[in-house]
Amino acid sequence: KNEVEQSPQNLTAQEGEFITINCSYSVGISALHWLQQHPGGGIVSLFMLSSGKKKHGRLIATINIQEKHSSLHITASHPRDSAVYICAVRFSGGYQKVTFGTGTKLQVIP
Amino acid sequence: EAQVTQNPRYLITVTGKKLTVTCSQNMNHEYMSWYRQDPGLGLRQIYYSMNVEVTDKGDVPEGYKVSRKEKRNFPLILESPSPNQTSLYFCASSPLAGGPRETQYFGPGTRLLVL
């Protein structure tokens with residue numbers, strides 16, 4: 001079964017801390033997405049990765065294809081980073097289905 | 001403004017009364033998809049479409065229908081809604097999956113309650 005697991009489920013951090021959220025998957029993939037869901041419910045795509053590393057502002061996403069693992073890092077965290085972060089995977093094999101992790105709820109305290 | 005729109009945003013209905021949730025995008029995207037989000041289960045894919053007249057099942061298609069007659073629209077149809085379809089629904093679109101521009105744009109969500 002194609003599965004996606006995220007950790008931790010919940011994370012509380014002090015403002016300024018370096019944060020890491022992890023995503024592991026069970027079989028080969030074509031693409032991995034990191035999404036951010038705000039408390040109001042809206043979902044925004046942060047990154048799409050198929051290899052290597054991407055950076056946007058204070059956010060960094062990495063993927064290790066051999067280990068079937070991706071990480072999302074937030075540097076110098078801020079209360080406005082408080083949200084649910086979701087990993088989504090499109091498994092390889094010619095299919096266009098998308099499977100999601102259950103999300104990591106992040107709260108950054110001032 | 002590039003966007004994905006969904007209507008209605010909130011809907012309360014009764015068991016068995018057919019309903020349609022519309023989804024429209026103005027970015028000329030080939031790929032469109034419907035997801036539902038439930039507490040403890042996260043997001044799950046219902047149906048997706050690679051282009052006009054091309055649709056396929058996601059992980060939870062039972063009780064839903066879709067159609068893609070125009071590139072911009074991808075309505076979700078519940079022929080006979082049941083209480084277990086109470087959920088938060090998201091539509092999303094992206095350029096064709098597999099390319100470097102594969103980024104999903106999500107609609108604002110439709111909160112459905114089936115009594």
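Our subject is the structure listed above.
Here we take up the overall build of chain B. Helix and strand counts for chain B stand at zero helices and 11 strands. Along chain B, from the amino end to the carboxyl end, the secondary structure elements read β-β-β-β-β-β-β-β-β-β-β. Summarising its shape, the C-alpha atoms of chain B cover approximately 40 × 30 × 25 Å along the three principal directions. Among the 115 residues that make up chain B, the fraction classed as buried is 50%.

What follows covers the nonpolar core. Ranked by internal contacts, the top residues of the largest apolar core, which has 23 residues, are Tyr 25, Leu 32, Trp 34 and Val 89 of chain A. Contributions of two or more residues to this core are made by strand E3 (19-25), strand E4 (29-37), strand E5 (43-49), strand E7 (59-64), strand E8 (69-74), strand E9 (83-91) and strand E11 (104-109) of chain A. Residue contributions to this core peak at five residues, all from E9 of chain A. When near neighbours in sequence (up to four residues on either side) are disregarded, Tyr 25 of chain A contacts Glu 3, Val 4, Leu 32, Ile 63, Asn 64, Ile 65, Lys 68, His 69, Val 89 and Phe 91 of chain A. Among the nonpolar cores identified, the runner-up in size contains 19 residues, and Met 27, Tyr 47, Val 60 and Val 66 of chain B belong to it.

Bringing the pairing of strand E4 (residues 31-38) of chain B into the picture now. All names here are of chain B. Counted residue by residue, E4 has eight buried out of eight residues, so it is predominantly covered. Because side chains alternate across E4, one face comprises the buried residues Tyr 31, Ser 33, Tyr 35 and Gln 37, and the other comprises Met 32, Trp 34, Arg 36 and Asp 38, equally buried. Note that E4 and strand E9 (residues 87-94) share seven bridges and pair antiparallel. In the strand pairing of E9, Gln 37 is matched with Leu 88. Summarising the sheet, E4 and strand E5 (residues 42-51) pair through seven bridges and their orientation is antiparallel.

With 16 residues of chain A at the contact, the number on the chain B side is 22 residues. When the area that chain A buries against chain B is broken down by residue, the three leading residues are Ile 43, Gln 96 and Phe 100 of chain A, summing to 34%. Between the two partners, chain A and chain B, sit one salt bridge. As a salt-bridge pair, Asp 59 of chain B and Lys 97 of chain A come within 3.9 Å of each other at their nearest N and O atoms. When residues of the side of chain A that touches chain B are traced back to their parent elements, those giving at least two are E4, E5, E9 and strand E10 (99-100) of chain A. Sort the elements by how many residues they give to the side of chain A that touches chain B and E4 of chain A lands first, with four residues.

Time to look at the sheet that holds E3 of chain A. Backbone-to-backbone hydrogen bonds pair the strands of a sheet. The strands run either parallel or antiparallel. All names here are of chain A. The strand order across the open sheet formed by five strands is E1-E3-E8-E7-E6, and the pairing between neighbours is antiparallel. The sheet terminates laterally at strand E1 (4-7) and strand E6 (53-56), the two strands that pair on one side only. Shown here is a sheet whose adjacent strand axes are inclined to one another by a mean of 15°, direction ignored. As paired elements, E3 and E8 share six bridges and run antiparallel to each other. In the strand pairing of E8, Ile 21 is matched with Leu 72.

So, about the packing of aromatic side chains. The full count for this structure, using the stated rule, is five aromatic pairs over all chains. Of the aromatic side chains, those joined through ring pairs into one cluster are Phe 100 of chain A together with Tyr 35, Phe 90 and Phe 106 of chain B.

This part covers the environment of Asn 84 of chain B. Residue and element names in this part refer to chain B. In this structure, Asn 84 sits in the loop between strand E8 (76-78) and E9. Take Asn 84: its relative accessible area is 57%, and that puts it in the exposed class. A sequence separation of 29 residues divides Asn 84 from Thr 55, and the C-alpha atoms of the two residues are 23 Å apart. Here the side chain of Asn 84 touches Ser 82 through a polar contact of 2.5 Å, side chain to side chain.

Turning our eyes to something else, we now look at the pairing of strand E11 (residues 110-114) of chain B. Residues and elements named next belong to chain B. Of the two faces of E11, the one holding Thr 110, Leu 112 and Val 114 is buried and the one holding Arg 111 and Leu 113 is not buried anywhere. As defined by bridge partners, strand E2 (residues 10-13) adjoins E11 across four bridges and the pair is classed as parallel. Bridging across to E11, Tyr 10 finds its partner in Arg 111. Relative to E11, E9 runs antiparallel, the two sharing three bridges. For Leu 88, the partnering residue across the bridge sits in E11 and is Arg 111.

Calculation criteria
Residues numbered from 1 in each chain as written. Chains lettered and ligands numbered in written order. Predicted model: local features only at pLDDT ≥ 70, side-chain atom pairs only at ≥ 80, totals over all residues. Heavy atoms only, no water. Helix = DSSP H or I, 4+ residues; strand = E, 2+ residues; numbered from the N terminus. Buried < 20%, exposed > 50% of the residue type's maximum accessible area, 1.4 Å probe, protein only. Core = buried A, V, L, I, M, F, W, Y, C linked by side-chain atoms within 4.5 Å. Contact = heavy atoms within 4.5 Å. Pairing = 2+ DSSP bridges. Buried area = accessible area lost by both parts, 1.4 Å probe. Salt bridge = Lys/Arg side-chain N within 4 Å of Asp/Glu carboxyl O. Axes fitted to C-alpha atoms, helices over the stretch in contact; angles between N-to-C directions. Phe/Tyr/Trp six-rings, centres within 6.5 Å; stacked < 30°, edge-to-face > 60°. Polar contact = N/O pair within 3.5 Å; in protein donor to acceptor, adjacent residues only side chain to side chain.

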